[in-house]
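# Remarks on the overall topology
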Amino acid sequence: MLSFLLPSDLPSQVFCNTAIESAHADKEVATIKQVHTKDQQVEALRSVFQEIDSTHSSEMSFQDVQDAISSGELSSFMEAMGISTDDIWTLCMLLDADKNGRIDLDEFVSGCMQLHGPAKSLQLAKMSMENKLTRRAIRTLTEEMLDLKSSLRGTRSAAAPRREVF
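In the annotation of an unreviewed UniProt entry, the entry for the protein reads EF-hand domain-containing protein, and the organism field reads Durusdinium trenchii.

### A look at the pattern of salt bridges
Oppositely charged side chains can form a pair if their charged atoms are brought close together. Tallied over the full model, the rule gives two salt bridges. Where E59 meets R102, a salt bridge forms, and the shortest distance between an N and an O atom there is 3.3 Å. Remark: R102 occurs in strand β2 (residues 102–104) and E59 occurs in strand β1 (residues 59–61); sequence separation between them is 43 residues.

### As for unusual backbone geometry
In this structure, H56 takes a positive phi of about 55° despite not being glycine. Following the sequence through the fold, H56 ends up in the loop between α1 (10–52) and β1. Unusually for a residue other than glycine, K99 sits at a positive phi of about 55°. Position of K99 among the secondary structure elements: in the loop between α4 (88–95) and β2. Accessibility expressed as a relative area gives 53% for K99, which makes it exposed.

### Brief notes about helix α5 (residues 105–115)
Taken as a whole, α5 has its buried residues at L105, E107, F108, V109, G111, C112 and M113. Capping the start of α5, D104 holds a side-chain oxygen 3.1 Å from the backbone nitrogen of D106, two or three residues further along.

### Thoughts on the UniProt feature "domain: EF-hand" (unreviewed entry) in the protein
Per the UniProt entry, the sites bearing "domain: EF-hand" (unreviewed entry) are residues 40–75 and 83–118 in this numbering. Within the segment residues 40–75, helix and strand shares are 64% and 8% respectively, and the terminal C-alpha atoms sit 18 Å apart.

Calculation criteria
- Residues numbered from 1 in each chain as written.
- Predicted model: local features only at pLDDT ≥ 70, side-chain atom pairs only at ≥ 80, totals over all residues.
- Heavy atoms only, no water.
- Salt bridge = Lys/Arg side-chain N within 4 Å of Asp/Glu carboxyl O.
- Helix = DSSP H or I, 4+ residues; strand = E, 2+ residues; numbered from the N terminus.
- Buried < 20%, exposed > 50% of the residue type's maximum accessible area, 1.4 Å probe, protein only.
- Polar contact = N/O pair within 3.5 Å; in protein donor to acceptor, adjacent residues only side chain to side chain.
- UniProt positions renumbered as here; feature names shortened; annotations may be inferred.

Now the structure itself:
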């Protein structure tokens with residue numbers, strides 16, 4: 001029987017029940033803290049965006065980002081979030097979700113939230129898979145182009161001789 005593993009006295013049962021409830025409460029507190037931290041980061045990003053957007057156009061150019069990073073206004077904040085500012089052009093390209101050459105408030109906030117901190121294993125796995133698919137597609141296109149090139153050469157040699165056109 002397993003009765004020796006289960007606490008049979010009331011104080012032990014109360015202790016176990018309290019420990020379980022405490023662990024559950026700790027999990028809830030951790031979740032609330034995480035949501036609160038995320039909300040604070042979003043507000044901080046909105047504030048930083050508004051400081052950089054001196055024209056109040058609700059958009060900023062890549063040059064605005066470059067200037068803000070060069071002045072230190074943005075770089076220390078981004079570095080504190082774990083976002084590298086070493087390659088500004090790449091950073092801007094990643095933030096510019098609609099690829100119009102301008103970064104609006106939503107793109108800035110959501111892009112920074114996705115980029116902050118260390119890369120997640122799921123993100124790395126997704127990139128690896130996309131990389132493999134891209135390499136496979138390039139390999140297939142290369143083979144098809146070589147086949148097409150061969151068939152065109154075979155057609156030309158069977159037809160009239162090729163004339164040079166200037």
